[in-house]
Amino acid sequence: MNAPNKSGWKPEMSPAEDGLHNGPATTTGNRALMLEEPLIFEIGHAETTGVDLPEIDPDAPNRLGGFERSKPIGLVGLTEPETVRHYTRLSRQNYGIDLGFFPLGSCTMKHNPRLNEKVARLPGFADIHPLAPQQTVQGALQVIHELGDWLMKLTGMPGVAMSPKAGAHGELCGILAIRAAHTARGDAREVVLVPESAHGTNPATAAFAGYKVEDIPATPEGRVDLEAIKARLAPDVAAVMITNPNTCGLFEKDFREIADAVHAVGGYVYCDGANFNAIVGRVRPGDLGVDAMHINLHKTFSTPHGGGGPGSGPVVFSEALKDFAPLPIVRKLQDGDGYELVEEEQREHRGQSFGRMTAFHGQMGMFTRALTYMLSHGADGLKQVSEDAVLNANYVLRSLEDILHAPFADSGPCMHEALFGDKDFEGGLSTLDLAKALIDEGYHPMTVYFPLVVHGAMLVEPTETESKAALDEFITAFRSVTERALAGDESMKQAPYYAPRRRLDETAAARKPKLAWEEPEG
Ligand SMILES: *Cc1c(COP(=O)(O)O)cnc(C)c1O
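Not measured: the values here are computed from a predicted model. (Residues numbered from 1 in each chain as written. Predicted model: local features only at pLDDT ≥ 70, side-chain atom pairs only at ≥ 80, totals over all residues. Heavy atoms only, no water.)

## Comments concerning the nonpolar core
Logical step 1: Counting 54 residues, the largest nonpolar core has Leu147, Leu151, Ile229, Phe276, Phe301, Phe367 and Met374 as its most contacted members.
Logical step 2: Listed by contribution, the elements that provide at least two residues to this core are α5 (138-155), β2 (191-195), α8 (226-232), β4 (237-243), α9 (255-264), β5 (268-272), β9 (339-342) and α11 (364-400).
Logical step 3: With nine residues, α11 is the largest single contributor of residues to this core.
Logical step 4: Those residues in contact with phenylalanine 367, other than ones at most four positions away along the chain, are Val143, Ile144, Leu147, Met162, Leu297, Ser312, His361 and Gly362.
Logical step 5: Core analysis: the next-biggest nonpolar cluster, separate from the first, contains 31 residues, Ala406, Cys414, Val460 and Met492 among them. (Core = buried A, V, L, I, M, F, W, Y, C linked by side-chain atoms within 4.5 Å. Buried < 20%, exposed > 50% of the residue type's maximum accessible area, 1.4 Å probe, protein only. Helix = DSSP H or I, 4+ residues; strand = E, 2+ residues; numbered from the N terminus. Contact = heavy atoms within 4.5 Å.)

## Here's the deal with the packing of aromatic side chains
Logical step 1: Here the structure, examined in full by the defined rule, presents eight aromatic pairs.
Logical step 2: With 6.2 Å between their ring centres and 85° between their planes, phenylalanine 101 and tyrosine 443 make a pair best called edge-to-face. With phenylalanine 101 in the loop between α2 (80-92) and α3 (114-120) and tyrosine 443 in the loop between α12 (431-440) and β11 (447-448), this residue pair connects regions lying 342 residues apart in the sequence.
Logical step 3: A relative accessible area of 8% means that tyrosine 443 is categorised as buried.
Logical step 4: Each member of the aromatic cluster is reached from another via a ring pair, and the members are Phe101, Phe420, Tyr443, Phe474 and Phe478. (Phe/Tyr/Trp six-rings, centres within 6.5 Å; stacked < 30°, edge-to-face > 60°.)

## What about the site of the ligand?
Logical step 1: Around the ligand sit 14 residues, and of these Gly167, Ala168, Asp272, His298 and Lys299 come closest.
Logical step 2: Asparagine 296 is positioned such that a nitrogen or oxygen atom in its side chain is 3.0 Å from an oxygen atom of the ligand.
Logical step 3: In this structure, an oxygen atom belonging to the ligand sits 2.7 Å away from a side-chain N or O atom of histidine 298.
Logical step 4: When the ligand sits alone it has 380 Å² of accessible area, and the protein chains cover 85% of it.
Logical step 5: Looking at the shell around the ligand, the elements with two or more residues in it are α6 (167-184) and α10 (297-300).
Logical step 6: A per-element tally of the shell around the ligand places α6 first, with three residues.
Logical step 7: Looking at the shell around the ligand, its residues break down into three nonpolar, eight polar and three charged. (Near = heavy atom within 4 Å. Polar contact = N/O pair within 3.5 Å; in protein donor to acceptor, adjacent residues only side chain to side chain. Areas by Shrake-Rupley, 256 points an atom, 1.4 Å probe, with all protein chains shown as cover. Nonpolar A, V, L, I, M, F, W, Y, C, P; charged D, E, K, R; others polar.)

## As for the pairing of strand β3 (residues 212-216)
Logical step 1: In the sheet, β2 pairs with β3 via five bridges, with the strands oriented parallel. Residue pairing across strands places leucine 193 opposite glutamate 214, the latter belonging to β3.
Logical step 2: As for the winding sense of the linkage, the β-α-β connection from β2 through helix α7 (residues 201-208) to β3 is right-handed. (Pairing = 2+ DSSP bridges. Right-handed = clockwise from strand over helix to strand, strands pointing away.)

## Details of the pattern of salt bridges
Logical step 1: Counted according to the given criterion, the structure contains 27 salt bridges.
Logical step 2: The closest approach of N and O atoms between arginine 369 and glutamate 117, which form a salt bridge, is 2.9 Å. Taken as a pair, arginine 369 in helix α11 and glutamate 117 in helix α3 lie far apart in primary sequence, 252 residues in all.
Logical step 3: Exposure remark for glutamate 117: the relative accessible area of 14% places this residue in the buried category. (Salt bridge = Lys/Arg side-chain N within 4 Å of Asp/Glu carboxyl O.)

## Considering the sheet that holds strand β10 (residues 418-420)
Picture the strands of a sheet paired through backbone hydrogen bonds; they go either parallel or antiparallel.
Logical step 1: Read from one edge to the other, the open sheet built from three strands follows the order β10-β12-β11, with strand pairing classed as antiparallel. Unpaired on one side and paired on the other, β10 and β11 mark the two borders of the sheet.
Logical step 2: With two bridges joining them, β11 and strand β12 (residues 458-460) adopt antiparallel strand pairing. Residue pairing across strands places valine 448 opposite methionine 458, the latter belonging to β12.

Spelled out as structure tokens, the structure:
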């Protein structure tokens, strides 16, 4: 640390104290090149700045019209090199897909090809403004149109909305279109059915849109209970929301039959398609009776995500719903030469759309990356993507099922993710301890305690971009921590030992986050 630490923070344990490094304690708290980094408030000063601004001319006219600040805002400044070091040091304490295998189930953390980045940075894409005149951004409109076209072909669905900005936003878009369709029929409905095996965003979306959410149980083999759905279907059901493949990593085999039954009572079928990466090129959701489905470009089509970064969740629609989709849409001009943004006034079926999802047109940077990914793979390549993702997940499942409880291993092959539970752990050890021990092995843990239908769930999604060698290394590490958990190895309760921070209070971090820095007293 090259600046005094105003809060008096010190490492939880010095290297000598924890007995693991066997070295002397350092005066800085650093461990060789693993550098400790105080908060920006602790190293910065209100008087420091990284830029030189010209002196204010006291006689210059005041153009702020009364909006000038009355007092300092209390932010500290750093010089430019201090700023660069601060954020670089912090970034070294983080873990990302460019650093190693990232088996976070349901999140699909796969390699982001650098070609995509190169294309997204072309000035013609990166430097345009959403209010630029349409004639000047024809290339960008073409990208949105072609990407939408690919999504409709891959899903076998005739409509698409490109503007939703993430998966959950896409769910809201789909449910709002469903509500608009019911409203147009003069058929207000109140209930959305959501199976237990659905992603948590599904019930949240339905509730946010004002629907009453009802649970549908899962069968012992981890799929939606067809009979339970059929028994509940009635004219008050607006829609069912089914994640397929589901969060147990299984394909919902009865999907077509469920869809037919829902349609028979006048409801719509929402499919959570965030796991499309498991079936792209192999299954067209349109053939299964889906009415609306979001696709996470940041999962299936490899655009970067994580840490709250930009996602993109376009929604595809069936014939029955496509006129209710949000605006604007990008349309090819009649004469085939160029593209235009279609707003309400230019629509064939006016007054049906439920409105807008966003101020503008969606995540342009993600569109360019996703289309680049599609064009570089081609349709056959995309099919191989899903096949390899499923193959890798099954390799993980079959390599660990002999020592780790795998609740649905007998339900047949898994799709893109392998699900385990903590059934036979000894000595009060649980999934959390295993996850923390995996950090010491150099891995970001898998998704834990989700889905809820499995005790101590561990959801591993290797994705297609990992080699067999990388998977073998992970499996070896996973087996070793599993063996320790089965043997009740007490030391796991203190893991991680080697991470920049030890165990954090995750509940307090989520429930009582301290988002503002306060000068410590004294
Ligand atoms: C990731 C995911 C979502 C939510 O997507 P966001 O882009 O994070 O909003 C929804 N459903 C499933 C099955 C997912 O895996």
